[in-house]
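Per-entry structural report
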Amino acid sequence: MNNLDVELYMSQFVTFFENNPNDLLDLIGDSDKELFYDLVKEQCEKNIESGDEVSLTQHQIIEIVVKLKKVNLENHQMVVIVDKVFQSTKFGMIGLN
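All values reported here derive from a predicted model rather than from experimental measurement.

**Some points on a negative patch on the surface**
A contiguous patch of negative charge on the surface is contributed by Glu-18, Asp-32, Glu-34 and Asp-38. Here Glu-18 lies in helix H1 (residues 2-19). When its relative accessible area of 57% is taken as the criterion, Glu-18 is described as exposed.

**Overview of the packing of aromatic side chains**
A complete count under the given rule lists seven aromatic pairs for this structure. Ring geometry for Phe-17 versus Phe-36: centroids 6.2 Å apart, planes at 75°, classification edge-to-face. Of this pair, Phe-17 sits in helix H1 while Phe-36 sits in helix H3 (residues 33-49); the two residues are 19 residues apart in sequence, bridging distant segments of the chain. In this structure, Phe-17 and Phe-36 share a single accessibility class: buried.

**Things to note about the pattern of salt bridges**
As a working rule, side chains carrying opposite charge can pair if their charged atoms are close by. With the rule as written, the count across this model stands at two salt bridges. Between Glu-7 and Lys-41 there is a salt bridge, with the nearest N and O atoms lying 2.8 Å from each other. Here Lys-41 lies in helix H3 and Glu-7 lies in helix H1, a separation of 34 residues in the sequence.

**Focus: the side chain of Gln-43**
Inspection of the secondary structure assignment puts Gln-43 in helix H3. Among all residues touching Gln-43, those that are not within four sequence positions of it are Leu-56, Gln-60 and Ile-64.

**Observations regarding the packing of H1 against helix H2 (residues 21-28)**
Orientation of H1 relative to H2, taken along the N-to-C sense of each, is 105°, at an axis distance of 5 Å. Here H2 runs roughly perpendicular to H1, going by the angle between their axes. Of the residues in H2, those touching H1 at Phe-16, Phe-17, Glu-18 and Asn-19 are Pro-21, Asp-23, Leu-24 and Leu-27. Residues of the contact of H1 with H2, tallied by class, amount to five nonpolar, one polar and two charged.

**Some words on the nonpolar core**
In terms of nonpolar packing, the biggest core is built from 20 residues, with Tyr-9, Met-10, Phe-36, Tyr-37, Val-40 and Cys-44 touching the most fellow members. Elements that contribute at least two residues to this core include exactly H1, H2, H3 and helix H4 (58-76). What Met-10 contacts, discounting residues up to four positions off in sequence, is Tyr-37, Val-40, Lys-41 and Cys-44.

Cut-off values and rules
Residues numbered from 1 in each chain as written. Predicted model: local features only at pLDDT ≥ 70, side-chain atom pairs only at ≥ 80, totals over all residues. Heavy atoms only, no water. Patch = residues over 30% accessible without salt bridge, like charges linked within 9 Å, V, L, I, M, F, W, Y side chains within 5 Å. Areas by Shrake-Rupley, 256 points an atom, 1.4 Å probe, with all protein chains shown as cover. Salt bridge = Lys/Arg side-chain N within 4 Å of Asp/Glu carboxyl O. Lys, Arg positive; Asp, Glu negative; His and termini not counted. Charge placed at Lys NZ, Arg CZ, Asp CG, Glu CD. Helix = DSSP H or I, 4+ residues; strand = E, 2+ residues; numbered from the N terminus. Buried < 20%, exposed > 50% of the residue type's maximum accessible area, 1.4 Å probe, protein only. Phe/Tyr/Trp six-rings, centres within 6.5 Å; stacked < 30°, edge-to-face > 60°. Contact = heavy atoms within 4.5 Å. Axes fitted to C-alpha atoms, helices over the stretch in contact; angles between N-to-C directions. Parallel < 35°, antiparallel > 145°, perpendicular 65-115°, else oblique. Nonpolar A, V, L, I, M, F, W, Y, C, P; charged D, E, K, R; others polar. Core = buried A, V, L, I, M, F, W, Y, C linked by side-chain atoms within 4.5 Å.

Following this line, the structure appears as structure tokens:
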């Protein structure tokens, strides 16, 4: 029954973001959505194992997004060069002022 709860929740979760792709983009940016869904499912299973509700809390979703961003940074390894008060990034020059 617990796996059924997780599968049902994940089905609704994925369907919501398929119907609202801009919300997914706002949440995870250019991160891998399949990895995002895998991490969400993993957290749902942990919730069930600990006797909690299958649905994720806002805090749990934030932790997953932060984990995704760390994976993105490790994979892309942004090169940063500091020149006085301006910093060169892949997005262009940013003032450190």
